[in-house]
Every structure is written in structure tokens, then in C-alpha cells.
Amino acid sequence: MLWSRRALLPSGYGARLEGQGVYLRPPARLDFAAWRDLRESSRDFLVRWEPTWTAEAHARGTFVRRVKYAGEEWRTDQSYSFLIFRREDDVLLGGITLGQVRRGVAQTASLGYWIGAGHARRGYMSEALGCVVSYGFGELGLHRIEAACLPHNEASRGLLLKLGFREEGRAREYLRIDGRWQDHLLFGLLAGDNWRKKA
């Protein structure tokens with residue numbers, strides 16, 4: 001997997017990560033229509049796994065603010081947000097954020113991701129997460145990457161295990177998802193783990 005720092009991105013910051021079938025880059029204002037359409041068309045598929053959508057969740061102003069904050073958090077080493085695109089036709093597939101970066105003695109970040117309903121279970125997210133994990137351990141110098149998923153989200157659990165994450169426990173009422181506090185399974189991956197062969 002390859003990445004390039006400041007590689008002519010429309011957002012003017014960040015990195016472009018290249019996989020065989022996908023590429024990733026930070027969100028930009030020009031992505032609004034594709035992002036909104038994909039999220040709205042995938043509503044029934046996504047709402048079960050995410051915080052409750054507000055009425056303004058997919059408004060242009062909300063997206064513009066999201067892009068602005070993504071740039072600020074990237075530049076201050078707090079969070080790294082990417083959109084995922086299919087290489088063959090530049091179709092938007094989903095998004096990944098490597099966030100809550102903790103430096104010092106931790107060198108850790110948390111992984112979050114989503115994919116449009118029509119693109120799920122086709123290998124795109126597995127490849128995209130492999131790119132981001134490689135970037136996190138390589139360019140960002142992280143020691144550990146964490147992730148969490150709902151216990152009944154078998155697709156997400158299977159994806160994390162396939163990438164080499166280890167299930168480390170269960171957190172009670174960990175996040176407020178789809179309008180209620182829900183338990184989550186916790187996963188961790190270390191830079192020294194043999195994760196590359198499993199992706």
C-alpha cells in the first residue's frame with residue numbers, strides 16, 4: 001500500500017492512500033453531493049450502527065463544517081479522516097476515521113468506519129482499512145489502534161478479526177447508538193502484531 005503526503009488533494013491537506021481497488025483521501029467540499037446521496041440512500045443500512053441522525057445531519061452546512069474540522073484535526077494530529085473511492089470510476093464508497101489520537105506514552109488511536117449499503121461485503125472496506133492501518137503504524141508512528149463494534153454486528157466483528165485485531169473485552173453501555181446506550185466489543189491491534197498477512 002502506498003501513500004503520499006500532500007499529494008495534490010482538493011482539501012489542501014493530508015495524504016492520499018492507494019490500494020489496488022480503492023484509494024482514500026480526506027473529505028473536501030466538492031464531495032458533498034456524493035456523500036449526501038450515499039448516506040441518504042443507505043439510511044436504513046447505517047442508522048442501526050451510528051448515533052441518531054439529526055435533521056441537519058446531511059445538510060451542506062453540516063458537511064462544510066465537518067470538512068473544516070477534519071482539516072484542523074489533521075493539522076493538529078488529533079484525527080485523520082478519509083473518504084473511500086473506487087479506483088476504476090471514482091465512486092464514493094464510504095469513510096474511515098483514525099481519531100482520538102493519544103500521543104505520549106500511549107501512541108494510540110481509535111478506528112471508526114462506514115460504507116454505503118450497495119458496496120458492503122465486496123472487499124472494499126477490508127482493503128481500505130488495511131491502507132489506513134498501514135498509514136497509522138507507518139507514517140503516524142502509532143503503537144496501537146483500537147476499534148469497537150456492537151456485539152450483534154457480525155460483519156464488523158468479522159472484518160476486524162480478519163484484519164488481525166484481537167477481541168479484548170466488552171464495554172457496558174459504551175456508546176449511544178441509534179438512540180440508546182449499547183454495549184460494545186472492544187478490539188486492539190499492535191504495530192508488532194502479524195496483521196499484514198491477515199488483511
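For every chain, the first residue of the written sequence is number 1, and numbering continues from 1 along that sequence. Reporting in this predicted model follows two pLDDT cut-offs: at least 70 for local features of residues, and 80 or more for side-chain atom pairs to be given and counted; totals over whole chains, interfaces and linings ignore these cut-offs and use all residues. Heavy atoms from the whole structure form the basis of all side-chain values; hydrogens and water molecules are not counted.

Visitor: Break down the overall build of the protein chain for me, with residues and values.
Guide: Helix and strand counts for the protein chain stand at five helices and nine strands. Numbered from the N terminus, helices here are DSSP runs of H or I no shorter than four residues, and strands are runs of E no shorter than two. For the protein chain, the succession of helices and strands along the chain, N to C, is β-β-β-α-α-α-β-β-β-α-β-α-β-β. Throughout, the radius of gyration refers to the C-alpha atoms, and the reference size of a globule is 2.2 Å times the residue count to the power 0.38. Whereas a compact globule of 199 residues would reach a radius of gyration of roughly 16 Å, the protein chain reaches 16 Å, a difference of no more than 12%. Counting only C-alpha atoms and orienting by the principal axes, one finds that the protein chain spans roughly 40 × 40 × 35 Å. In the form shown here, the protein chain has an accessible surface area of approximately 10,400 Å², with 48% of it arising from carbon and sulfur atoms. The protein chains shown are the only cover counted for residues, whose accessible areas, like all others here, come from Shrake-Rupley with a 1.4 Å probe.

Visitor: Can you tell me about the environment of Gly-112, naming the residues and giving the values?
Guide: With respect to the helices, strands and loops of the structure, Gly-112 is situated in strand β6 (residues 108-115). A simple rule labels every residue: compare its accessible area, found with a 1.4 Å probe on the protein chains alone, to the largest value its type can have, and call it buried under 20%, exposed over 50%, or partly exposed in between. Note on Gly-112: relative accessible area 30%, which makes it partly exposed. Separated by 31 residues in sequence, Gly-112 and Ser-81 have C-alpha atoms that sit 9.4 Å apart. When checking whether two residues touch, look at their non-hydrogen atoms; a contact exists if any pair is within 4.5 Å. Other than its neighbours up to four places away in sequence, Gly-112 contacts Gly-95, Ile-96 and Thr-97.

Visitor: How would you sum up the nonpolar core? Please name residues and give values.
Guide: Ranked by size, the top nonpolar core spans 40 residues in total, and within it Leu-24, Ile-96, Leu-98, Leu-111 and Phe-165 carry the most contacts. Broken down by element, the residue count for this core peaks at nine residues, all from helix α4 (residues 124-137). If we ignore the near neighbours within four places in the chain, the residues touching Leu-111 are Ile-96, Thr-97, Leu-98, Leu-129, Val-132, Ile-145, Glu-146, Ala-147 and Phe-165. Membership of the second largest hydrophobic core comes to 13 residues, among which are Phe-32, Trp-53, Val-67 and Leu-92. By convention a nonpolar core is built from buried Ala, Val, Leu, Ile, Met, Phe, Trp, Tyr and Cys residues, the set being connected through side-chain atoms within 4.5 Å.

Visitor: Break down the pattern of salt bridges for me, with residues and values.
Guide: Within this document, salt bridges are pairs made up of a side-chain nitrogen of Lys or Arg and a carboxyl oxygen of Asp or Glu, the two lying within 4 Å of each other. Summed over all chains, the structure comprises 13 salt bridges. Here Glu-50 makes a salt bridge to Arg-39, at a shortest N to O gap of 2.6 Å. Of this pair, Glu-50 sits in the loop between α2 (43-46) and α3 (60-75) while Arg-39 is found in helix α1 (residues 32-41), placing the two residues 11 residues apart along the sequence. Judged by relative accessible area, which is 12%, Glu-50 ranks as buried. For the salt bridge of Arg-170 with Asp-183, the shortest nitrogen-to-oxygen distance reads 3.3 Å. Taken together, the positions of Arg-170 in strand β8 (residues 166-177) and Asp-183 in strand β9 (residues 180-190) put the pair 13 residues apart, joining distant regions of the chain.

Visitor: Residues and numbers for the environment of Phe-85, please.
Guide: Structurally, the position occupied by Phe-85 is in strand β4 (residues 80-86). Judged by relative accessible area, which is 4%, Phe-85 ranks as buried. C-alpha of Phe-85 to C-alpha of Gly-21: the two residues are 64 residues apart in sequence and 8.7 Å apart in space. Ignoring sequence-local partners within four residues, the contact set of Phe-85 consists of Gly-21, Val-22, Tyr-23, Arg-25, Asp-31, Asp-90, Val-91, Leu-92 and Leu-93.

Visitor: Which residues make up unusual backbone geometry, and what values go with them?
Guide: Positive phi, close to 60°, is recorded for Asp-77, a residue that is not glycine. By secondary structure assignment, the location of Asp-77 is in the loop between α3 and β4. In this structure, Asp-90 takes a positive phi of about 60° despite not being glycine. According to the relative accessible area criterion, Asp-90 is partly exposed, its value standing at 47%.

Visitor: Kindly report on the packing of α4 against helix α5 (residues 154-163), identifying the contributing residues and their values.
Guide: Helix-helix packing: each pair is described by the crossing angle between the helix axes and the interaxial distance. The N-to-C vectors of α4 and α5 enclose an angle of 45°; their axes lie 10 Å apart at closest approach. Considered as vectors, α4 and α5 are oriented oblique to each other. The interaxial crossing formed by α4 with α5 has right-handed handedness. In this structure, α4 uses Met-125, Ser-126, Leu-129 and Gly-130 to contact α5, whose residues at the interface are Leu-159, Lys-162 and Leu-163. Each residue belonging to the contact of α4 with α5 can be placed in one class, and the counts come to four nonpolar, two polar and one charged. An axis is simply a line fitted to the C-alpha atoms; with a helix, the fit covers only the stretch in contact. Between two such axes, the angle follows the N-to-C directions and lies from 0 to 180 degrees. For classification purposes, angles smaller than 35 degrees are called roughly parallel, those larger than 145 roughly antiparallel, those between 65 and 115 roughly perpendicular, and all remaining angles oblique. Crossing chirality is assigned from the near helix's rotation relative to the far helix, an anticlockwise turn below a right angle marking it left-handed and a clockwise turn marking it right-handed. Gly falls in the polar group here, along with every residue not listed as nonpolar (Ala, Val, Leu, Ile, Met, Phe, Trp, Tyr, Cys, Pro) or charged (Asp, Glu, Lys, Arg).

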